[in-house]
Amino acid sequence: AWVNDSAITFKGTENFSIVSKNMTNVTTFGWRIYANDSAGNQNDTGVQTLRVIAEKNPPNISLISPASGTKVNNTFIQTLSYNVSDASNIDSCRLSVNFVDVANASVVVKDTTNSFTYSFSPGFQEWYVSCSDEWNNTGFSNIFNITINDTISPSIAIQNPINTTYVVGNLDLNYTVNDTFLH
């Protein structure tokens, strides 16, 4: 057996401790156990692989645009940009609007601008991005807000009656109202 990469000998039924290694990041190494007896019989376990995960830090997410506090008129579809950095690979990122997950990205490039496109309803909205790395460490951005103002009046089209005079009696009014956000 080896302790700290040096061979040691055991006799009888001695116990031994696990080799101690300092690992500062994800490390994969091979190991095997050899054994022999006084009759010259020997055996080994074959090479075993051990992957040690030392990376426990969550991804760091920075929101880029639109800036928090942005107010826009009638532009409901917005591109929301962010950057994510981490020591490990990024598994996925999620967009949350008003604390509800609304979109997921499974292809994310670290240390560059990534984005979601989202169609907001009118009014004050809060949004943030969370990302998980390959070791399930999850990080969260700050919360940004955006206000979408609907300044377009509804349209009204009268189909019947159109500028005419009718005799007293029942009269059907036929009209259409259109608006992107009718309530």
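Rules behind the numbers
Residues numbered from 1 in each chain as written. Predicted model: local features only at pLDDT ≥ 70, side-chain atom pairs only at ≥ 80, totals over all residues. Heavy atoms only, no water. Helix = DSSP H or I, 4+ residues; strand = E, 2+ residues; numbered from the N terminus. Buried < 20%, exposed > 50% of the residue type's maximum accessible area, 1.4 Å probe, protein only. Contact = heavy atoms within 4.5 Å. Areas by Shrake-Rupley, 256 points an atom, 1.4 Å probe, with all protein chains shown as cover. Core = buried A, V, L, I, M, F, W, Y, C linked by side-chain atoms within 4.5 Å.

Trainee: Which parts of the structure should I look at to understand the overall build of the chain?
Mentor: Of regular secondary structure, the chain possesses 0 helices and 17 strands. Considering the chain as a whole, with its 183 residues, one finds that 23% of them fall into the buried category. Long-range contacts, defined here as pairs at least 24 residues apart, represent 56% of the contacts in the chain between residues at least 6 apart. Total accessible area on the chain is roughly 12,700 Å²; 48% of this is exposed by carbon and sulfur atoms.

Trainee: Got a minute to help me understand the environment of valine 177 in this structure?
Mentor: Relative to the elements of secondary structure, valine 177 occurs in strand β17 (residues 174-178). The sequence separation of valine 177 and alanine 157 amounts to 20 residues, and the corresponding C-alpha distance is 6.5 Å.

Trainee: I keep staring at the nonpolar core and nothing clicks. Help me out?
Mentor: Taken as a class, soluble globular proteins show a tendency for nonpolar side chains to be buried jointly. Tyr82, Cys93, Trp127, Val129 and Cys131 are the most contacted members of the largest nonpolar core, which totals 21 residues. Counting only elements with at least two residues in this core, the list comes to β7 (60-65), β9 (77-85), β10 (90-97), β13 (123-133) and β15 (144-149). Ranked by residue count, the leading element in this core is β10, at 4 residues. Discounting residues that sit within four places of it in the chain, cysteine 131 has contacts with Pro59, Ile61, Tyr82, Val84, Ile90, Ser92, Cys93, Asn137, Thr138 and Gly139.

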